[in-house]
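# Structural overview
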Amino acid sequence: MLNINMRYRMLDDDIGNYLIIDTWANQILAKVTTIELAARTCQQLNKRLGTQKYLDELRQKVLTN
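Everything quoted here is computed from the prediction, not taken from an experiment. (Residues numbered from 1 in each chain as written. Predicted model: local features only at pLDDT ≥ 70, side-chain atom pairs only at ≥ 80, totals over all residues. Heavy atoms only, no water.)

### Quick word on the environment of Gln-27
Tracing the chain through its elements places Gln-27 in strand β3 (residues 27-32). Exposure remark for Gln-27: the relative accessible area of 44% places this residue in the partly exposed category. In this structure, Gln-27 is in contact with Ile-20, Ile-21 and Asp-22, ignoring residues within four places of it in sequence. (Helix = DSSP H or I, 4+ residues; strand = E, 2+ residues; numbered from the N terminus. Buried < 20%, exposed > 50% of the residue type's maximum accessible area, 1.4 Å probe, protein only. Contact = heavy atoms within 4.5 Å.)

As structure tokens, this is what we get:
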């Protein structure tokens, strides 16, 4: 199944920085100054941690807290 909703996203904060946001946990993870670094970081995070397995683990943590 194709997941079009990425866990990690990049947002522009209008002052020249890019924020990397975890959309599952609603947290800001990092602030970087170049779009290349932000895009590469988001790609790597989504590849490693944006899978269904990690979504299920996060849901289980939320349900047990």
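### Here we look at the pattern of salt bridges
One pass over the full model with this rule turns up one salt bridge. Measuring nitrogen to oxygen at the nearest pair gives 3.1 Å for the salt bridge that ties Arg-7 to Asp-22. With a gap of 15 residues between them, Arg-7 in the segment before β1 (8-12) and Asp-22 in strand β2 (residues 18-22) connect regions that are remote in the sequence. (Salt bridge = Lys/Arg side-chain N within 4 Å of Asp/Glu carboxyl O.)

### Details of the sheet that holds β2
Strand order in the open sheet formed by three strands is β1-β2-β3, and the pairing between neighbours is antiparallel. In this open sheet, the two strands that pair with only one neighbour each are β1 and β3. Looking at each pair of strands side by side, their axes are set apart by 30 degrees on average, direction ignored. As judged from the five bridges shared by β1 and β2, these two strands associate in the antiparallel manner. Of the residues in β2, the one forming a bridge with Leu-11 is Leu-19. The strands that helix α1 (residues 35-49) touches are β1, β2 and β3; relative to β1, the one it contacts most, it runs at about 160 degrees. (Pairing = 2+ DSSP bridges. Axes fitted to C-alpha atoms, helices over the stretch in contact; angles between N-to-C directions.)

### Quick notes on α1
With 15 residues, α1 extends 21 Å between its outermost C-alpha atoms, agreeing within 8% with the 21 Å of an ideal straight helix rising 1.5 Å per residue. Among the residues of α1, Ala-38, Cys-42, Gln-44 and Asn-46 are the ones counted as buried. For α1, the elements touching its buried residues are β1, β2 and β3. (Expected span 1.5 Å × (residues − 1).)

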